[in-house]
Each structure stands twice: as structure tokens, then as C-alpha cells.
Amino acid sequence: MPGIENANPFAYVSTETIPQSPPPTAEKGVAGWLKKNLFATPRDTVLTIIVALILLWLVPPMLNWLFFDAVWTGDGREACLGEHVGACWAFVEAKFGQFMYGRYPVELRWRVDLTGILLIAGLVPIAIPSVPYKRENALYLLVIFPVVAFMLLTGWPFLEPVETTRWGGLLVTLVVAIVGIVVSFPLGILLALGRRSNLPIVKTMSIIFIEFWRGVPLITVLFMSSVMLPLFLPADVSFDKLLRALIGVALFSSAYMAEVIRGGLQAIPKGQYEAANAMALTFWQGMRLIILPQALKLVIPGIVNTFIGLFKDTSLVLIIGIFDLLGIVQQNFTDTNWISPATPATGLVFAAFVYFIFCFGMSRYSAFMEQRLDTGHKR
Amino acid sequence: MAHTDGVADGTEDSGRASLLYDPKARGLFFQAVLIIVVAYLVYSGISNAAGNLARAGIASGFGFFEERAGFEIGQTLIHYTNDSTYFRAFLVGLLNTLMVSALGILFATIIGFVVGLARLSRNYLIRKLATVYVETLRNIPLLLQLLFWYKAVLAVLPNPRETGLEQGTTVLWTLNNRGLYIPRLIPEAGASAILIAVVIAIALWVVIGMWASKRQMKTGQQFPTFLTGLGIFIVLPVLTFFLTGMPFDVEFSALQGFNMSGGTVIRPEFIALLLGLSLYTASFIAEIVRAGILAVAKGQTEAAYALGLSPNHTSRLVIIPQAMRVIIPPLTSQYLNLTKNSSLAVAIGYPDLVAVFGGTVLNQTGQAVEVITITMLVYLTISLLTSAFMNWFNARVALVER
């Protein structure tokens, strides 16, 4: 319709675009954020005020206890006694060596340190996706490292031997957790495949095994491995206490791992199995090349959650008298040189912090891997 | 035999495949090997155990159940003295386990749902607070948390004399390092009438609920079932209480010398265990609840609003029923975990099944095989029963598909 602009009969219609106005001040910036997130409705406002008051009541005393009133240096309990004394960090400082190594001989602790460095040297490159040589790296971690670590830690056969009863602290926690993880993963895959097998006996046995371990608490498993297992072995065979606990933990967590992996196997469409068969792959080839890479990728969060659970559960070994991190911290509460009202809380907060770092780190890494491997299997 | 090796080799071009490549034969062979290996392990284990036990002079069998236990237990729900049998001790432990698990499940569910909803709150402060709660408690071992409550919080409370109470003055409640003291209700004659009133009230509530849903199906009219039921539930027992002439005597606790006397005491071991179990499991339940609610598509909310449902009705009739389907299976395994985790009681000295039976009884009788087997079987039974119940419940709320 030409000419409409020239002869505008509607004088009240604007001929030019009005420029955009800025949003109302209550909708943008700090004020907008506050309104949206804290004071959206009267109910929200009330809740915000209540929560803020609770935080004001809780947080300053906690900070005082942790930092401002805390005792940072001292050689004994006298430093940590008093009316308004917070955490007794001097206790942690004095016992730090024990918390890390247990009663491992001081002059041989370099062996533990070296093992730790070797582990980190293997773990860091495999955790960063862009670093090449993943196959060699995995070979190092799964074959070479365990042998070297075993020889370094026990001293067998070249170095001065160190009994496992002298191991303790974070060292034992990590040994139990890593052995549990490394053993339970392949065992879990085998059990999961067994549970989905068509062979009736294999299937039944896998189900019984899995359901049994999942139905009982870990403590009874540890009791069993420490009290009952020696009975079932020939009289002349005697087992290391730590090794018995390791067997219990590994069997226990493999059952949980199996259920997680089974979930992944079930999520793979049937066509993938049939395709593997059609390609004339053998069962194991099909599993290794087609099914497991997809299934495991799907259940990475579940696997990592099992690892985190296993890591936390390692603390239970203290009940059968193995001094892991928590065990050694707890044992030191009875040290007469350090008995004070603040000691247990300090020691436990320290241990909690260490466990938190490891577990939180694992869960963040799993979230990162989940994002990276998300190549479209969500339906 | 879909996944076992097929006869796909080109070399086997005619006639029957060699037995080596026959999936059926291979399957049978592997299973036979498996049976032989397992049977050998079981046999050698049993024969070793028999030999070892005979050498150590340990009796076997379950005769010890009838013997006198001879030890005290700190907290008992049923009558128990050190003259009671081992079986009685076993029952005491089992009941303690069941009680702490049931209460733990109740509290963990309540806290978990509240925190889970708080994580989805519009309010920044509440959302972040809930996140900090979940991330902290989830990543610290339960055993450590139990020890924390027990050794770092409850054990350093003042003793009864330091709490500032006056000698002999009764108090409603007091918390010190001996535990939490609350009044004790001593039932007198006629007290059972109140229990009956409670049962009747629950039955009435159920009947009203059934009648109301039937009427709603027929006429579309709604009935305030919850409020009516709650009213009956409160009014009826209270009324009975006054009609029967208040058949309860209340005993308050008071400071007597160095210790408290009177009232009921809830021991610090129990408080620590219940706190630890509830707070720890609640952090997992919160995540399950959050995931369940997020799993309900946004279109459902929009559809409910389009139909004119109020926000309240939308969450009650549309969102929650659908979220429950996602929530219930993982919730079940959390309940089972809580029950199994209650065995950590042994670390702080609460007399649960593992501490009483797997600890003291095992040490006194030395019959490790029987004691540990029974303990494991009990937990296994609880696990299987709970999961059977939850499967039934799950089937009831499951999506009915065409």
C-alpha cells in the first residue's frame, strides 16, 4: 500500500520506532537479583530472614572455633585447655606423621612417599583426556605400578621388610580403597555378565553371590573375614589381617559394582548384541569392542558413586582393629599427652576434611567425564 | 545361547561343527567346571572348619542359645537381666536394631524431603544451604560422623552436676553427658483404653478415606479427608484420656547427688546413632527427591495450570504422584542402606544386633561360624522383606500403561 506514509490519516500513530527503554531498576543489577532470589514473595522474605538469622547464629562460632580461637602451636594438652579454646590444631600437627603413615618406620617413610608419587605420576596423565599413550599408561597403572608398590611398601624381596601391622593412617585407607576398586571393577563386570548369561547355573550363582553380599552389612563381612575365614582355611595357612580385610572389601564392593554395570548392560539396545553376533565376533570380542564400551560409558556416574562409597566404607576396617586414617585418629584420642575436650572434635574434623577432599574430588571428576562422554545416548 | 560363540568359521563348511565350537556343549562344559570348582571350595572349607573347630575344642550347633548369657545390656526394650539366655540377648539386640532403623528411616525421610525440596527452592540462601548440607554429609564417612556426634559433641557435654540444676528440683527435660532426660509416663488402670482409642481413630480415618474417594469417583465432590482424619486422630484419644480420668502418672527427672533420677533417659549412644544415621541418609534421600521432581516434565506443570489447577493442587495431584514413581526404587535402597548401616552402632557402643550378638556373644561362646551366619541371615531377611514390601508398593504406584 503505497502512499500510506505520506498521507497518514492517523495523526496519533507514531511514524518512528520508540527506542528501547532500560528495564526497571528493580529487575536488573544487584537489586533485581536480590528481589528475584531472596525477596520474591512475602513468604520468601520471611524465610530469607529466618535463614540469615540462623546462619548468623551458626557461622561466626564455627569460624571462631576453626580459626580465630584455635590453638595452632603447642607440645601437649596444656596448650589446648582453657575456657574459650577452639580447635586444637597443634594435636594434628604433632600427629600428622602418624595420621599419614601409621606406625610405618620413620626412616623408611620415603618408600611410601615414592609409591604415592608413582601413583600420582600414573593417575594424572590418565585422568587428563588430552594426554596421549592411554594404553601404555593403563598398563603401567594396572600391571607395573601394583608390583612396584607392593615391593616398595612391604619391602619384599630386596628392601627391609615392613609388617602390614605397622601400616596405618591414610596409607592403609588408600591401599584398601585402591585394591578394592581395582579388584571389584573386573569382578563386577564378570558378575554382571554372569547375571545376564543364558547359562542357568552361571546365572543362579551370580544372583546368589550378588544378592548375598548386597544384603548384609559390611561390618559383618569384615567380622566374617577376620573371625570366620581363618576357620575355613587349612590350619597351617595363616593370612595377613590386612589381606583378609581386603578380600572382604573387594568381594563386597564387587557385588555393588556388578549391579551398576548390569544397569548399563540393560540399557544397550538388543540390536547392538545382534550386530556384534552378525559381525561374527565371539562373545568376548563383542563384549570388549561393542557392548562394554557403550555400557560402561552410560554408568560412569554409578561406578564413581560406588568408588566413593567404597572409599568411605574403608573407614570400617577400624572395627576389626586395622588402623586406617579414622582408626589412627581415634586411637590418638587416648594419648594422655593430648587429652583435652577439643581433641576429639579437632581430630575428627581433620579426618573428615581429608575424606571430603577425596570424595568430592572424585564426584567432580565424574561430573566432568560424564559431560565429556555425553555423545548422545539419552532418550 | 545368543551371545556365545557361533559356528561362523569359514573352515567348518560342511556337516556338523566340531564339539569344541558347539555353543551348547561349551555352555554345559563351563557350567560343569563352575559347579566342580564351587563344590570343591565349599567342601574344603567345611572340612577345614570342622578340623579347626575340633582342634580348638569349640562346640558347634545352636545349643548355646539356651545357656545363661551372664552379661548386662545398656538399653533393652524387653525384660532382660544377666540371668537371661543368649537367645534373649539376641532378641534384645535385634529389637534395638529394628527400633533405631525404624526411627532413622522416619527422620531421614522427613529431613531428606525437606532438604530435597529446599535444593529446588527459588530462594538463593535456602538453595545454597541445602546444597552445602548435601555435599558435606554425603562426602564424609558415616562412621566418622557417628564418632563425631558421640565423642566430639555428646561426650563433651557437661555432667549432670554442671548443668546448673538444683538438687531435687524436677525438670521437664535436660541434656547432659549421661543422655537426654525426659518425663516418663507411667500407665495406670484404664490406660489401655487410650491405645484402643488410637486404633479406632486410625480405622475411622481409613474408612472415611475410602468412603470419600468412592464418593468423589461417583459425584465429583471432594471431602477434606486429611483434616477430618487428623481431627478424629487427635480428639478421640484426648477425649478418652479425660473420660477415663487421666490414667497416666508423669514422673519427672531431677538431680539427685551426682546423677539424675526419675524420668526416662535416652542414652547418648542412641542419640548419636540416630542423629548420624538420619542426617547422613537424609543427604542421599534429598538428592533422590530432587532428581525425582526434576524428572517430571515441565509440560506437566503447564498442562495442570492450563486446566486451572492451583499450584497446591498441581504439586499434590500432578507432580508428586509422578515424581514418586522415580523416587521410590532408589528410596528403597536407601532404607536398606540405613538398616545395614545401623550395624555401625558397634563402634560407639549402642547395643544393636552386631554389638550384642556378633560382639559379646561371639566372644563368650567362641562359636564364630554360627553367630556370624545368624547375624548375616538376619540382615539378609530384613533386606529381602523390605525390598519385597517396597516392590509391592512400587507396583501399586507404577504407571499403568495401556
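Since the structure is predicted, the reported quantities are computational estimates derived from the model, not experimental observations.

The rules behind these values
Residues numbered from 1 in each chain as written. Chains lettered and ligands numbered in written order. Predicted model: local features only at pLDDT ≥ 70, side-chain atom pairs only at ≥ 80, totals over all residues. Heavy atoms only, no water. Helix = DSSP H or I, 4+ residues; strand = E, 2+ residues; numbered from the N terminus. Rg over C-alpha atoms; globule rule 2.2 N^0.38 Å. Buried < 20%, exposed > 50% of the residue type's maximum accessible area, 1.4 Å probe, protein only. Contact = heavy atoms within 4.5 Å. Phe/Tyr/Trp six-rings, centres within 6.5 Å; stacked < 30°, edge-to-face > 60°. Lys NZ or Arg CZ within 6 Å of the ring centre and 35° of its normal. Expected span 1.5 Å × (residues − 1). Buried area = accessible area lost by both parts, 1.4 Å probe. Salt bridge = Lys/Arg side-chain N within 4 Å of Asp/Glu carboxyl O. Polar contact = N/O pair within 3.5 Å; in protein donor to acceptor, adjacent residues only side chain to side chain. Nonpolar A, V, L, I, M, F, W, Y, C, P; charged D, E, K, R; others polar. pLDDT = per-residue confidence, 0-100. Disulfide = S-S within 2.5 Å. Pairing = 2+ DSSP bridges. Domains from an automatic or database assignment. Bend = angle between axes of the 7 residues up to and from the residue. Axes fitted to C-alpha atoms, helices over the stretch in contact; angles between N-to-C directions. Parallel < 35°, antiparallel > 145°, perpendicular 65-115°, else oblique. Left-handed = near helix turned anticlockwise from the far one by under 90°. Core = buried A, V, L, I, M, F, W, Y, C linked by side-chain atoms within 4.5 Å.

Q: Would you explain the overall build of chain B in this entry?
A: Each helix and strand in chain B was counted, giving 12 helices and eight strands. Here the C-alpha atoms of chain B give a radius of gyration of 29 Å, more than 25% beyond the 21 Å that 2.2 N^0.38 yields for 402 residues. Reported as C-alpha extents along the three principal axes, the dimensions of chain B are approximately 95 × 75 × 45 Å. Here chain B, with 402 residues, has 36% of them falling under the buried criterion. Relative to all contacts within chain B whose residues are 6 or more apart in sequence, the contacts with residues 24 or more apart total 67%.

Q: Explain the packing of aromatic side chains here, please?
A: One pass over the full model with this rule turns up 32 aromatic pairs over all chains. Here a set of aromatic residues connected by ring pairs shows up, and it is made of F64, F65, Y86, F87, F90 and F357 of chain B. Just above the ring of Y256 of chain A sits the side chain of R214 of chain A; from NZ or CZ to the centre is 5.8 Å.

Q: In this structure, what is going on with helix α12 (residues 300–313) of chain A? I would like to understand it.
A: Think of an α-helix as turning once every 3.6 residues; residues three or four places apart then point the same way. Between its first and last C-alpha, α12 of chain A extends 20 Å over 14 residues, near the 20 Å set by a 1.5 Å rise per residue. Of the positions making up α12 of chain A, those classed as buried are I300, I303, V304, T306, F307, I308, L310, F311 and K312 of chain A.

Q: Is there a simple way to think about the interface of chain A and chain B in this case?
A: How big an interface is tends to be stated in terms of the accessible area lost upon association of its parts. Counting residues at the interface gives 64 residues for chain A and 58 residues for chain B. Counting each side, the surface lost to burial between chain A and chain B is near 5,200 Å², with a carbon and sulfur contribution of 73%. Of all residues in chain A, the largest losses of buried area upon contact with chain B belong to L231, F232 and K312 of chain A, amounting jointly to 12% of the total for that side. If you look at where chain A meets chain B, you find two salt bridges. E135 of chain B is paired through a salt bridge with R364 of chain A; the nearest N and O atoms lie 3.8 Å apart. The interface formed by chain A and chain B contains 13 residue pairs in polar contact (both at pLDDT 80 or more). Elements represented by at least two residues in the side of chain A that touches chain B include exactly α1 (29–37), α2 (42–68), α7 (200–215), α8 (218–232), α10 (270–278), α12, α13 (325–331) and α14 (343–372) of chain A. Looking at side-chain class alone, the side of chain A that touches chain B contains 48 nonpolar, 10 polar and six charged residues.

Q: Even after reading the chapter, I still don't get the confidence of the model for chain B, so can you show me in this structure?
A: Residues shown with low pLDDT carry predicted positions that ought not to be read at fine detail. For chain B, mean pLDDT is 84; residues scoring 70 or higher make up 95% of the total. Counting interchain partners and residues more than four positions distant, the pLDDT-below-50 stretch residues 1–14 of chain B has 23 contacts.

Q: Would you mind going over the state of the cysteines with me for this structure?
A: Put plainly, two cysteines are in a disulfide when a covalent bond ties their sulfur atoms together. All names here are of chain A. A full pass over the atoms with the stated rule returns one disulfide over all chains. The disulfide partner of C80 is C88, and the gap between their sulfur atoms is 1.9 Å. Torsion about the S-S bond of the C80 and C88 cystine: about 65 degrees, corresponding to right-handed handedness. With respect to class, C80 is no different from C88; both count as buried.

Q: When you look at the sheet that holds strand β6 (residues 253–256) of chain B in this model, what are you seeing that I'm missing?
A: Residue and element names in this part refer to chain B. Ordered by their spatial adjacency, three strands build an open sheet running β1-β6-β7, and the pairing between neighbours is antiparallel. Because the sheet does not close on itself, it has two edges, and the strands there are β1 (170–171) and β7 (259–261). Sheet analysis places β6 next to β7, joined by three bridges and oriented antiparallel. Among the inter-strand pairings, Q256 is bridged to a residue of β7, identified as N259.

Q: What is the right way to look at the domain arrangement of chain B in this model?
A: According to the domain assignment, chain B consists of domain 1 (86–154 + 269–397) and domain 2 (188–246). Taking only C-alpha atoms into account, the centre of domain 1 of chain B sits 29 Å from that of domain 2 of chain B.

Q: What am I meant to see in helix α9 (residues 311–341) of chain B here?
A: Under the 1.5 Å per step criterion, the end-to-end length of α9 of chain B is only 38 Å for 31 residues, more than 12% shorter than the ideal 45 Å. At I327 of chain B, α9 of chain B shows its maximal kink, close to 40 degrees; a proline, P329 of chain B, follows between one and four residues later.

Q: Mind showing me how you'd approach the sheet that holds strand β2 (residues 174–176) of chain B here?
A: Within a beta sheet, neighbouring strands are joined by backbone hydrogen bonds and run either parallel or antiparallel to one another. Residue and element names in this part refer to chain B. In spatial order, the strands read β2-β3-β8; together these three strands make up an open sheet with antiparallel pairing. If you trace the sheet from one side to the other, it starts and ends with β2 and β8 (264–266), each paired once. Adjacent strand axes in the sheet meet at a mean angle of 25 degrees, parallel and antiparallel pairs treated alike. For strand β3 (residues 179–182) and β8, the ladder comprises three bridges, and the chain directions are antiparallel. The residue bridging L180 from the neighbouring strand is I266, located in β8.

Q: What is the right way to look at the packing of helix α3 (residues 89–101) of chain A against helix α6 (residues 169–195) of chain A in this model?
A: When two helices pack together, their arrangement is given by the angle between the helix axes and by the axis-to-axis distance. All names here are of chain A. The contact between α3 and α6 brings their axes to 2 Å, and the two run at 20 degrees. Compared by their axis directions, α3 and α6 come out roughly parallel. Judged by residue contacts, Q98, F99, M100 and Y101 of α3 engage G169, L170 and L171 from α6. Across the contact of α3 with α6, the residue classes tally to five nonpolar, two polar and no charged.

Q: Could you clarify how one ought to interpret the packing of helix α2 (residues 86–119) of chain B against α9 of chain B in this entry?
A: All names here are of chain B. In contact at an axis separation of 9 Å, α2 and α9 are set at 135 degrees when each is read in the N-to-C sense. Viewed along their axes, α2 and α9 adopt a mutual orientation that is oblique. Seen from above, α2 lies across α9 with right-handed handedness. Each of S101, G104, I105, A108 and T109 in α2 lies in contact with α9, whose residues at this interface are Y335, L338 and T339.

Q: Looking at this structure, how should I read the nonpolar core?
A: Core analysis: the biggest nonpolar cluster contains 149 residues, and F99, Y104, W167, L265 and L326 of chain A together with F71 and F357 of chain B have the highest contact counts within it. In contact with F357 of chain B, not counting residues within four places along its chain, are F64, F65, F90, D352, L362, V371, I374 and T375 of chain B. One finds V51 of chain A together with I126, A130 and A286 of chain B within the second-largest nonpolar core, a separate group that totals seven residues.

Q: So what exactly am I meant to see when it comes to the environment of A367 of chain A here?
A: Of note, A367 of chain A is situated in helix α14. By relative accessible area, which is 33% here, A367 of chain A ends up partly exposed.

Q: How do you make sense of the side chain of Q31 of chain B when you look at a structure like this?
A: Inspection of the secondary structure assignment puts Q31 of chain B in helix α1 (residues 23–56). What makes Q31 of chain B buried here is its relative accessible area of 5%. A distance of 2.7 Å separates a polar atom in the side chain of Q31 of chain B from the backbone nitrogen of I201 of chain A. Look past the residues within four positions of Q31 of chain B in its chain and what remains in contact with it is L199, P200, I201 and V202 of chain A.

Q: Before we go on, may I ask you to explain the environment of N52 of chain B in this structure?
A: Looking at the element boundaries, N52 of chain B is found in helix α1. With near-sequence residues (within four places) excluded, N52 of chain B lies in contact with P230, L231, F232, L233 and A235 of chain A.

Q: I keep staring at the environment of M324 of chain B and nothing clicks. Help me out?
A: Residues and elements named next belong to chain B. Looking at where M324 falls in the secondary structure, it is placed in helix α9. Here M324 falls in the partly exposed class, since its relative accessible area comes to 23%. Note: C-alpha distance between M324 and G168 (156 residues apart in sequence) is 52 Å.

Q: Whenever I open this one, the pattern of salt bridges confuses me. Can you help?
A: Between side chains of opposite charge, pairing is possible as soon as their charged atoms come close. All names here are of chain B. Evaluated as defined, the whole model comprises 13 salt bridges over all chains. Salt-bridge contacts for R184 lead to E251; the nearest nitrogen and oxygen are separated by 3.3 Å. You can see R184 sitting in strand β4 (residues 184–187) and its partner E251 sitting in strand β5 (residues 248–251), a full 67 residues away along the chain. By relative accessible area, R184 is classed as partly exposed at 37%. The shortest N-O distance in the salt bridge between R290 and E287 comes to 3.5 Å. Of this pair, R290 and E287 both sit in helix α7 (residues 268–294), separated by three residues, roughly a single helical turn.

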